[in-house]
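The chain contents come next:
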Amino acid sequence: MEKNTEIKTLTLHEDEKNGSVKIADDVIAAIARLAVGEVEGASPLTNSDLMKKFGVKDVSKGVKVEVQENDVKISIAVVIDYGFNIPSTCSKVQEKIRAAVENMTGLNVTDVNIRIMAVNVK
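Per chain, residue numbering runs from 1 following the sequence as it is written. A pLDDT threshold of at least 70 governs which residues receive local features in this predicted model, and a stricter bar of 80 or more applies before side-chain atom pairs are shown or counted, although totals over entire chains, interfaces and linings include all residues. To obtain the side-chain values, all non-hydrogen atoms of the structure were used and water was disregarded.

S.K.: Before we go on, may I ask you to explain the pattern of salt bridges in this structure?
M.R.: A side chain with one charge may pair with a side chain of the opposite charge, provided their charged atoms come close. Here a salt bridge means any side-chain nitrogen of Lys or Arg lying within 4 Å of a carboxyl oxygen belonging to Asp or Glu. The full count for this structure, using the stated rule, is two salt bridges. A salt bridge links Lys96 to Glu38, with the nearest nitrogen and oxygen atoms 3.4 Å apart. Here Lys96 is found in helix α3 (residues 86-105), whereas its partner Glu38 is found in the loop between α1 (25-36) and β3 (42-44), with 58 residues between them in sequence. Between Glu66 and Lys64 there is a salt bridge, and its shortest N-O distance comes to 3.5 Å. Accessibility here uses a 1.4 Å probe with only protein chains present; expressed as a share of the type maximum, an area under 20% marks a residue as buried, one over 50% as exposed, and anything in between as partly exposed. On the accessibility criterion, Glu66 (38% relative accessible area) is partly exposed. We classify Lys64 as partly exposed; its relative accessible area is 48%. Numbering of helices and strands runs from the N terminus; a helix is a DSSP stretch of H or I covering at least four residues, while a strand is a stretch of E covering at least two.

In structure tokens:
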């Protein structure tokens, strides 16, 4: 039995002289996860126990990427540190993800949806 491991990719650039540049959805997801880690008070969902509790089987599944033409919608699961203002922190996360993905890929990020999965008590 063959396992279907098709990787979704998007062509960013293509020309006859040099060839094409393609990017996988997983790369966009990785950029988003790294961007979350740059915001004080927030982190991407990585704890395997938490992931199991919420039914997330794979680390990359904590981020959902939908690409249509040059527009990207991102949904991401995050953990907020106790004591941080949730709306303010999430707004910073959305801005950071949007800037990182747009700067690195040239794609237009239309939505960044945040799912708060837990509160981290240090």
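S.K.: What am I meant to see in a nonpolar patch on the surface here?
M.R.: Patch membership is restricted to residues that have no salt bridge and whose relative accessible area is over 30%. Joining uses 9 Å for like charges and 5 Å for the nonpolar side chains Val, Leu, Ile, Met, Phe, Trp and Tyr. What sets the accessible areas is the Shrake-Rupley method with a 1.4 Å probe; for residues, cover comes only from the shown protein chains. Together, Tyr82, Val119 and Val121 make up a nonpolar patch on the protein surface, roughly 360 Å² of accessible area in all. Along the chain, Val121 turns up in the segment after β6 (108-120). Residue Val121 is classed as exposed on the basis of its relative accessible area of 61%.

S.K.: What exactly am I supposed to notice about the pairing of β6 here?
M.R.: Alignment of strand β5 (residues 71-81) against β6, held across 11 bridges, turns out to be parallel. Across the sheet, Lys73 pairs through a bridge with Asp111, a residue of β6. In the classification by handedness, the crossover that spans β5, the intervening α3 and the parallel β6 is right-handed. At least two DSSP bridges between two strands are needed for those strands to be called paired. Classification remark: right-handed applies to a crossover when, strands pointing away from the viewer, the course from the first strand over the helix to the second runs clockwise.

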